[in-house]
Amino acid sequence: MLKYTSLKEKDLEYLTFILRNGMVTAKQILLKFQEPNIHRVYRRLRKLEGKKYVRHEQIAHKVGVYLGTIDARNLTNVHVTVPTKASVYTMQHNLLLNDLVLFYEFQAEKQGVQFTYRTEREIRHSMIGEGDNQSKLKAYNASRERIPDAVFFFKNAEGVVTTTWVELELNKKERKRYDEKFKLFEQLLSSKRLDDQPYSYDQVIYFADDVKIHNVVNDAKRRLVNADKISIRKIPSVIINERWEEVMPSGSNGETPGPDATN
């Protein structure tokens, strides 16, 4: 394919990363590909923007995101839903999930553990399609509580894979929604695989900083047989405080991102 296009292999890698993750910042691309500087990232993004494979949206002060387009999905054949717009809330949730993925990728590399992941957009596409018409939107709304924010796969030295349902919780929900969700978790963690699920799950991890969310999750899981397979953790401080140098693999050729590398 590259023989007949002006795109390079790294261009396709950028597009795949952006499409899989929905929306990303230039700094997250810098981290992911350990580029030598942010200027190289911007040059490649401008090239992809010019070819209509990427679009840039300024969502909040000093926070811009890059989104893939339908043309990019057709080019790469990445099976994901493509976002049509970004709000402040979806941006915050999406970008923090990207940070969690990067954090665990770097941690796994340093610890000699294999780490892979699937995003909500990939899982949604595999379960209900692209969601670009009324029937698929209806199917998504009916199934959204049964789709994780992400799935993390950890493979240890013995080859054992731990499949993890990941939830990133920024706001506390009504107690009824937690009760319904935890009924699903009880089924998931007791079964090899439910019919409407792409995987069987070994554990569930919630990420949240609000103590009220910690309390409601711990309370909801207490009554379950599989309570020991559900945990809640704070969002790693490395992410919150931008201390990526603490987890970046040794030998990285990327510069430590500065405070101005935000869009």
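Reading the values: the criteria
- Per chain, residues are indexed from 1 in the order of the written sequence.
- Residue-level local features of this predicted model are given only where pLDDT is at least 70; pairs of side-chain atoms are given and counted only at 80 or more, and the full residue set underlies all totals for whole chains, interfaces and linings.
- With hydrogens and water excluded, all non-hydrogen atoms of the structure serve as input to the side-chain values.
- How sure the predictor is of each residue is captured by pLDDT, a score from 0 to 100.
- Only DSSP runs of H or I reaching four residues or more are called helices, and only runs of E reaching two or more are called strands; each is numbered from the N terminus.
- For this analysis, residues touch if any pair of their heavy atoms sits within 4.5 Å.
- Here, a strand pair is defined by DSSP locating no fewer than two bridges between the strands.
- Axis definition: a line fitted to C-alpha atoms, limited for helices to the stretch in contact. Angles are taken between N-to-C directions and run from 0 to 180 degrees.
- Burial classification: accessible surface area is computed with a 1.4 Å probe over protein chains only, and a residue below 20% of its type maximum counts as buried, one above 50% as exposed, and the rest as partly exposed.

1. Focus: the confidence of the model for the protein
Line of reasoning, step 1. Residues of the protein with pLDDT of at least 70 account for 88%, and the chain-wide mean is 87.
Line of reasoning, step 2. When mean pLDDT is taken per element in the protein, strand 7 (residues 203-207) scores highest with 98 and helix 7 (residues 134-143) scores lowest with 54.
Line of reasoning, step 3. Low pLDDT (under 50) marks residues 253-263, which in the prediction has 28 contacts with non-local residues, meaning those over four places away or in another chain.

2. Things to note about the sheet that holds strand 6 (residues 161-168)
Line of reasoning, step 1. In space, the 5 strands of this open sheet follow the order 4-5-6-7-8, with mixed pairing throughout. A single partner strand is all that each edge strand has here, and the edge strands are strand 4 (114-119) and strand 8 (230-233). Sheet twist, expressed as the average angle between the axes of neighbouring strands with direction ignored, equals 25 degrees.
Line of reasoning, step 2. The sheet contact formed by strand 5 (residues 150-155) and strand 6 spans 6 bridges and is antiparallel. Bridge assignment links A150 to a residue of strand 6, and that residue is V166.
Line of reasoning, step 3. Along the sheet, helix 9 (residues 211-221) contacts strand 7 and strand 8; its crossing angle with strand 8, the most-contacted strand, is approximately 170 degrees.

3. Observations concerning helix 2 (residues 26-33)
Line of reasoning, step 1. Counting buried residues in helix 2 gives 7 out of 8 residues, a clear majority hidden from the surface.
Line of reasoning, step 2. Close packing links the buried residues of helix 2 with helix 1 (9-21), strand 1 (23-24), helix 3 (38-50), strand 3 (63-68) and helix 5 (88-111).
Line of reasoning, step 3. Backbone geometry just downstream of helix 2 places Q34 in the positive-phi region, at approximately 50 degrees.

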